[in-house]
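Summary of structural features
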Amino acid sequence: MLQADVQENPIAGQAQLAEVLRVACQGRGGIRVRLKGWLKWLVRRSAMAQALASPGRGRGWSLGPRGYVITYRKVERRPVGPFGMQALDAGAFAEHVEYLARRYEIVPLSVLTQGLRSGKLPTRAVSLTFDDGYRNNLVLAHPILQRNRIPATLFVTAGLVGTRQWMWPAELVEMALRYGMAEVGAATGDSLLSALLQAELPPSMRAEAGIEYLLRMGPGVREPVMARLRERFPVEPDDENLFLSWDEVRALKAGGMEIGSHTMTHPVLPDLDEEHVERELCASRNEITRRVGEAPTLFCYPHGVFSEPVKALTGRYYGAAVSTIPGENTARTDLLELRRVTAYSVEDLSFQAASSR
Ligand SMILES: [Zn+2]
């Protein structure tokens with residue numbers, strides 16, 4: 001329903017970005033087709049984000065026997081991210097939780113998925129999920145959840161727990177902050193990425209475009225670029241980017257959080273061959289089972305990306321999986337592609353406006 005409502009209506013900045021890309025990709029015929037697809041996706045995503053953020057649109061939704069799943073990642077100390085990128089600070093998160101707690105029945109994701117399967121879902125069912133496994137989920141988010149007696153599900157990237165490694169997008173942003181975006185752009189060794197990072201556009205847009213470009217181009221382009229940049233522009237993860245330790249994951253579980261899997265290494269799963277996908281699914285499941293004493297039944301696709309073969313493999317090891325496709329979940333929703341809503345402000349939770357028993 002939501003998809004049909006989406007207008008191809010890019011904001012001015014994204015139209016500029018599209019133009020930069022069009023110019024930049026002339027002469028790179030081999031990747032032009034992929035870029036075209038990506039541009040369409042970027043435009044659609046922008047329109048979709050606008051549709052979701054619109055309170056008017058939200059009032060049209062009917063909650064009824066539907067369940068909403070909300071996506072969170074970091075809850076930070078700073079209210080605005082690097083280069084003015086969107087961030088959610090603890091104060092804003094507390095507002096979300098108090099708002100949701102007043103209006104909804106907040107249930108663990110496992111309860112919501114069982115309800116979808118059995119057809120018996122609380123009228124106002126909402127689940128909160130946290131992706132990636134950042135330490136700020138324990139330090140900043142969990143006290144707020146506990147204060148309001150709210151359950152949540154944490155999707156840990158099992159291979160990153162207890163390490164000081166980066167998620168590569170945050171690492172790229174930190175490099176650009178520390179060493180300058182133009183300097184980082186010039187050192188990528190990739191002419192298109194270099195043009196993107198040095199384009200005459202707001203820095204937040206250049207950073208986001210650079211990340212999306214590397215995401216879309218796959219590990220064959222991304223990994224050599226990041227290795228080159230890492231050598232030249234070393235950065236240490238700061239407080240906002242540290243991952244939980246296993247002791248901390250266990251503490252969150254003891255404090256009422258469900259633990260789900262977000263793979264071992266956070267790859268774009270459809271980029272991998274099936275054997276490798278299966279390894280990511282199984283190894284993370286085994287590691288979480290060993291470390292927290294219970295096998296995870298819930299899975300979260302890294303970057304929200306999956307394909308039919310990835311989904312089929314996921315169904316062998318997990319009972320349900322969340323995507324980043326926006327919208328509501330009903331009894332007809334495929335449990336291996338659950339919809340989620342990303343919320344930065346209380347207005348993003350406007351689906352509540354339509355709910356009435
Ligand atoms: Zn993730």
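Cut-off values and rules
Residues numbered from 1 in each chain as written. Predicted model: local features only at pLDDT ≥ 70, side-chain atom pairs only at ≥ 80, totals over all residues. Helix = DSSP H or I, 4+ residues; strand = E, 2+ residues; numbered from the N terminus. Buried ≥ 20, exposed ≤ 12 C-beta atoms within 10 Å, placed from the backbone. Contact = placed C-beta atoms within 7 Å. Core = buried A, V, L, I, M, F, W, Y, C linked by C-beta atoms within 7 Å. Arc of directions from axis to C-beta. Axes fitted to C-alpha atoms, helices over the stretch in contact; angles between N-to-C directions. Parallel < 35°, antiparallel > 145°, perpendicular 65-115°, else oblique. Left-handed = near helix turned anticlockwise from the far one by under 90°.

1. Let's talk about the overall build of the chain
What the chain contains, in helices and strands, is 15 helices and 8 strands. Here the chain holds 357 residues, and 36% of them are scored as buried. In the chain, once contacts between residues fewer than 6 apart in sequence are set aside, the share between residues at least 24 apart is 70%.

2. Regarding the nonpolar core
The biggest cluster of nonpolar side chains holds 58 residues, and the ones touching the most others in it are Leu 154, Val 156 and Ala 321. Beyond its immediate sequence surroundings of up to four residues, Ala 321 is in contact with Phe 299, Cys 300, Tyr 301, Thr 314, Leu 336, Glu 337 and Leu 338. Of all hydrophobic cores here, the second largest spans 20 residues; its members include Trp 166, Leu 172, Leu 197 and Leu 214.

3. Observations regarding helix α15 (residues 308-317)
When α15 is considered as a whole, its buried residues turn out to be Val 310, Leu 313 and Thr 314. Angular distribution of buried residues about the axis of α15 spans 105°; they occupy a single face of the element. Facing away from the buried side of α15 by more than 90 degrees, the exposed set consists of Glu 308 and Arg 316. Buried residues along α15 sit in contact with α14 (274-292), β6 (298-300) and β7 (320-322).

4. Some thoughts on the environment of Leu 269
For Leu 269, the position within the fold is in the loop between β5 (258-261) and α14. Note on Leu 269: 23 C-beta atoms within 10 Å, which makes it buried. When sequence neighbours within four positions are dropped, the list of residues in contact with Leu 269 reads Val 277, Glu 280, Tyr 301, Pro 302, Val 305, Phe 306 and Val 310.

5. Some details on the packing of helix α5 (residues 90-103) against helix α7 (residues 136-147)
The angle between the axes and the distance between the axes are what describe a pair of packed helices. At a minimum axis distance of 10 Å, the contact between α5 and α7 shows a crossing angle of 25°. Here α7 runs roughly parallel to α5, going by the angle between their axes. In the packing of α5 onto α7, the handedness of the crossing is right-handed. Listed contacts from α7 to Ala 90, Phe 93, Ala 94 and Val 97 of α5 are Leu 140, Ala 141, Ile 144 and Leu 145.

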